[in-house]
Amino acid sequence: MMAQTPTLHNAARKGEIAPFVLMPGDPKRAEYIAEKFLESARLVSDIRSIKAYTGKYNGKDVSVMASGMGTSSMSIYSYELFNFYDVETIIRVGSAGALQPSMELMDIVIASAADTDTSYMEMLDLPGKFAPTADFGLAAKAYSWGISRGMNVHAGTVFSGEAFYYDKEKMHKWAAVGALAAEMESAALYTNAAMFGKKALALLTISDFVFKEGSCTEETKVTGFSNMMEMALSLL
């Protein structure tokens, strides 16, 4: 497929998306990040209400674009950013459900790798199983940055599921092998980064729990993840 812009899913023209992209799932969070953290942010795409903005942070070009929910949505948007828009780095800034009992609301998870039940990576046609992993340099830098500021930071694998609703017994099995949290997009992002030789990292704020009650409000999910945003922008 020829690299051309705009695409079916992104109205931005070549050069309107920065090489460094923050990617929340929620379009409202993308809008908030652009208004709160970027200077001179301008809307460059709004197809299907998946908003993309480009501005500056400390003098450096940054874009923020929503991914939507799930493997299919993330696979499309990150594929186009890496392949058509010459994006070098995508930082997913999302929410996740805690799988481990020691974790609390608003803790930050740095997803070093993504366990998954999705078949998306089969498109690579490899003679075995592909392991979707983050860029180590980005993960190490994010972890050091968070620890140095006294944040509750966890680094390790997450479960990146094809579905949202799972039987608790199945989720206990993922927790038993060390998965820190459950979400839906990181495996597709890491697969696309590997496919194109680019860099990716998923930063996830714990917004709820898989095995017990408790969750952040919808407003908090949009406006209350400042620590994660600042961690992501420290990777510029």
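Data block above holds the structure.
Residues numbered from 1 in each chain as written. Predicted model: local features only at pLDDT ≥ 70, side-chain atom pairs only at ≥ 80, totals over all residues. Heavy atoms only, no water.

J.: Got a minute to help me understand the pattern of salt bridges in this structure?
T.: As a working rule, side chains carrying opposite charge can pair if their charged atoms are close by. Across all of its chains, the model carries six salt bridges by this definition. A salt bridge links Glu-185 to Arg-92, with the nearest nitrogen and oxygen atoms 2.8 Å apart. Taken together, the positions of Glu-185 in the loop between strand S8 (181–183) and helix H5 (186–196) and Arg-92 in strand S5 (residues 89–98) put the pair 93 residues apart, joining distant regions of the chain. As far as the burial class goes, Glu-185 and Arg-92 line up, both buried. (Salt bridge = Lys/Arg side-chain N within 4 Å of Asp/Glu carboxyl O. Helix = DSSP H or I, 4+ residues; strand = E, 2+ residues; numbered from the N terminus. Buried < 20%, exposed > 50% of the residue type's maximum accessible area, 1.4 Å probe, protein only.)

J.: How should I be thinking about the pairing of strand S1 (residues 20–23) in this particular structure?
T.: Note on strand geometry: in a regular strand, side chains alternate between the two faces of the sheet. Of the two faces of S1, the one carrying Phe-20 and Leu-22 and the one carrying Val-21 and Met-23 are both buried. As paired strands, S1 and S5 are joined by four bridges and run parallel to one another. Within S5, the position partnered with Val-21 by the bridge is Ile-90. Sheet analysis places S1 next to strand S4 (residues 60–65), joined by two bridges and oriented parallel. When the bridges of S4 are listed, Val-21 appears paired with Ser-63. (Pairing = 2+ DSSP bridges.)

J.: What should I look at first to understand the nonpolar core in this one?
T.: Across soluble globular proteins, nonpolar side chains have a tendency to be buried as a group. Leu-22, Ile-91 and Leu-201 are the most contacted members of the largest nonpolar core, which has 68 residues in total. Residue contributions to this core peak at seven residues, all from strand S9 (residues 199–209). Once residues lying within four places of it in the same chain are set aside, the contact partners of Leu-201 are Ile-90, Ile-91, Arg-92, Ile-110, Ala-111, Ala-134, Leu-138, Ala-139, Ala-142, Leu-189, Tyr-190 and Leu-235. Among the nonpolar cores identified, the runner-up in size contains seven residues, and Phe-159, Ala-175, Ala-182 and Val-210 belong to it. (Core = buried A, V, L, I, M, F, W, Y, C linked by side-chain atoms within 4.5 Å. Contact = heavy atoms within 4.5 Å.)

J.: Where do I start with the side chain of Thr-54 in this structure?
T.: Inspection of the secondary structure puts Thr-54 in strand S3 (residues 50–57). In this structure the side chain of Thr-54 is engaged in a polar contact, spanning 2.6 Å, whose partner is the backbone oxygen of Glu-16. If near-sequence neighbours (up to four positions away) are discounted, Thr-54 is found in contact with Glu-16, Ile-17, Ala-18, Ser-40, Ala-41, Arg-42, Val-44, Val-62 and Ser-63. (Polar contact = N/O pair within 3.5 Å; in protein donor to acceptor, adjacent residues only side chain to side chain.)

J.: When you look at the packing of helix H3 (residues 136–148) against helix H7 (residues 226–233) in this model, what are you seeing that I'm missing?
T.: For any two helices packed against each other, one specifies the inter-axial angle together with the distance between the axes. At a minimum axis distance of 9 Å, the contact between H3 and H7 shows a crossing angle of 130°. Classed by the angle they form, the pair H3 and H7 counts as oblique. When you trace H3 past H7, the crossing you get is right-handed. Contact residues: Ala-142, Trp-145 and Gly-146 in H3; Asn-227, Glu-230 and Met-231 in H7. (Axes fitted to C-alpha atoms, helices over the stretch in contact; angles between N-to-C directions. Parallel < 35°, antiparallel > 145°, perpendicular 65-115°, else oblique. Left-handed = near helix turned anticlockwise from the far one by under 90°.)

J.: How should I be thinking about helix H1 (residues 27–37) in this particular structure?
T.: At 3.6 residues per turn, the α-helix brings residues three or four places apart onto the same side. Taken as a whole, H1 has its buried residues at Arg-29, Ala-30, Ile-33, Ala-34 and Phe-37. Down the axis, H1 shows its buried residues gathered within 140° of arc, on one side only. In this structure, H1 carries Lys-28, Glu-35 and Lys-36 as exposed residues pointing more than 90 degrees from its buried face. The residue sitting at the N-terminus of H1 and contributing the capping side-chain oxygen is Asp-26; that oxygen lies 2.9 Å from the backbone nitrogen of Lys-28. (Arc of directions from axis to C-beta.)

J.: How should I be thinking about the layout of surface pockets in this particular structure?
T.: By rolling a water-sized probe across the atoms, one finds the places where empty space is left. In this structure, the largest pocket spans a volume of roughly 720 Å³. Around the largest pocket, the lining is made up of 30 residues, and of these Ser-95, Phe-164, Ala-182, Met-184 and Asp-208 lie nearest the centre. For the lining of the largest pocket, the secondary-structure elements that each account for two or more residues are H1, S5, helix H4 (168–176), S8, S9 and helix H6 (218–223). Across the lining of the largest pocket, the residue classes break down as 14 nonpolar, seven polar and nine charged. Approximately 300 Å³ is the volume attributed to the second largest pocket. (1 Å grid on protein atoms, 1.4 Å probe; cavity = no way out; pocket = protein on both sides within 12 Å on 5 of 7 lines; lining within 4 Å. Points joined across faces, edges and corners; volume = space filled by probe spheres on them. Nonpolar A, V, L, I, M, F, W, Y, C, P; charged D, E, K, R; others polar.)

Geometry only, nothing functional implied.
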